[in-house]
Amino acid sequence: MLLFSGSSNQPLAEKIADELKTKLANCEVVRFADGEVRVRILDNVQDQVCIVVQSTSTPADANLMELYQFGDLLKKGKAKKIIAVIPYLAYARQHKARRQGEAVSVSLVAKFIKSTGFSDVLLLEVHDEEVLNFFQIPVINISAEETIARFIDSHRDDFGGADLVFVAPDKGRKKQAEELAGIIETDFAVINKNRLLDSTDMVNSSTVQGEVKEKEAIIVDDVISTGSTVLEAANIVLKNGALHVYLIVTHAVFSRGEPSFWQNSPFEKIYVTDSIFVPKYKQFEKLEVISVAPLIAKSLGNLL
Ligand code: R5P
């Protein structure tokens, strides 16, 4: 088995390699001044099971191009099986045309992943299960819920003294909040959110269903990009009497990146996973990263 790392999240790939008691395979990824990328594989991959770890976070298109090049090179090198491990899948939020004439971008991503040579795909908490239907190769979508639940359970003291309530910032996250509440044996609530379709980053949300009053509210979401969704949710739960508000998000896109902005946000703490690498210049004191490497390594076992 050969485990390759794309350039988007090498620290995670290294941790996965450690979990699998192996070393990263040899390759070279060059980013040119104009942003173009070129991958070179330096190992003999013939008849080998090859795994490529590449998060398709910002810059999404360049990171996808890198992934496609890995697939193509491994196929040309006659690898036995080529597995794409994509902890964060770009374009997953574009899984349906919400208005007439809109592109369903993730369907193209799925097509390219298959056509460039990948035989299997491992995703982590993809935005919507519908995305899986676009892949015409075996695809596994693993959930970070157990990892997150175990983390909260072992850090109970960090979440204030009152009862916990998991809060979904929109209906799409209700299942996640409900399941986490089920594992920890606590309550959940849901915010009714309406996105303004003609805007790229504004949300217009309204009410909370469920009790948050005098509780420690943990907002859970799959992605944080501009932060509009979770900030709106935080304001609503605080207005509804929550004592403190915390945030747990799987994919730390942080497209509004200034650390001071997040450090000064209403959240007591912001927990993210390492599905996306958060560089030093984006980090802040309130941020804590939970690793999904053990989870991914364990799930890979089923594909090898
Ligand atoms: C929406 O359906 C997603 O689950 C996230 O809540 C949303 O995409 C986050 O984006 P932003 O941080 O820009 O509000």
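The structure presented is a predicted model; accordingly, all values stated were derived computationally and were not measured.

**Structural notes on the site of the ligand**
(1) Moving on: The local shell around the ligand holds 15 residues, among which R93, D221, D222, T226 and T229 are the closest.
(2) Moving on: At 2.8 Å from an oxygen atom of the ligand is found a main-chain nitrogen or oxygen belonging to S225.
(3) Moving on: Measuring from an oxygen atom of the ligand, one finds a side-chain N or O atom of T226 at 2.6 Å.
(4) Moving on: When the ligand is considered free in solution it has 380 Å² of accessible area, and contact with the protein chains removes 91% of it.
(5) Moving on: Every element with two or more residues in the shell around the ligand is listed here: β9 (187-195), β11 (216-224) and α6 (228-239).
(6) Moving on: Considering every element that reaches the shell around the ligand, the biggest residue donor is β11, with 4 residues.
(7) Moving on: Classifying every residue of the shell around the ligand by side-chain character gives 2 nonpolar, 6 polar and 7 charged.

**Section: the nonpolar core**
(1) Moving on: One finds I16, V85, I152, F166, I218, I296 and L300 to be the most contacted residues of the largest nonpolar core, which totals 40 residues.
(2) Moving on: In terms of residue count, helix α8 (residues 293-300) provides more of this core than any other element does, 5 residues in total.
(3) Moving on: Counting residues in each nonpolar core, the second largest holds 32 residues, with A25, A84, I113 and V126 among its members.

**A word on the pattern of salt bridges**
(1) Moving on: For the structure on display, the rule yields 11 salt bridges.
(2) Moving on: The closest approach of N and O atoms between K76 and D72, which form a salt bridge, is 2.8 Å. Pair noted here: K76 and D72 are both in helix α2 (residues 60-76), with a separation of 4 residues, about one helical turn.
(3) Moving on: Taking the shortest distance from any N to any O, the salt bridge between R173 and D221 comes out at 3.7 Å. You can see R173 sitting in the loop between β8 (164-168) and α5 (174-184) and its partner D221 sitting in strand β11, a full 48 residues away along the chain.
(4) Moving on: When its relative accessible area of 8% is taken as the criterion, R173 is described as buried.
(5) Moving on: Residue D221 is classed as buried on the basis of its relative accessible area, which comes to 4%.
(6) Moving on: Look at the salt bridges and you will find they share partners, linking R173, D221 and D222 into a network.

**Some words on unusual backbone geometry**
(1) Moving on: The peptide bond linking T58 to P59 adopts the cis configuration, its omega dihedral lying at 0 degrees.
(2) Moving on: Considering the arrangement of structural elements, one finds P59 in the loop between β4 (49-53) and α2.
(3) Moving on: Phi is positive for K21, which is not a glycine, with a value near 55 degrees.
(4) Moving on: Residue position: K21 is located in the loop between α1 (10-19) and β2 (27-31).

Criteria and thresholds
Residues numbered from 1 in each chain as written. Predicted model: local features only at pLDDT ≥ 70, side-chain atom pairs only at ≥ 80, totals over all residues. Heavy atoms only, no water. Near = heavy atom within 4 Å. Polar contact = N/O pair within 3.5 Å; in protein donor to acceptor, adjacent residues only side chain to side chain. Areas by Shrake-Rupley, 256 points an atom, 1.4 Å probe, with all protein chains shown as cover. Helix = DSSP H or I, 4+ residues; strand = E, 2+ residues; numbered from the N terminus. Nonpolar A, V, L, I, M, F, W, Y, C, P; charged D, E, K, R; others polar. Core = buried A, V, L, I, M, F, W, Y, C linked by side-chain atoms within 4.5 Å. Buried < 20%, exposed > 50% of the residue type's maximum accessible area, 1.4 Å probe, protein only. Salt bridge = Lys/Arg side-chain N within 4 Å of Asp/Glu carboxyl O.

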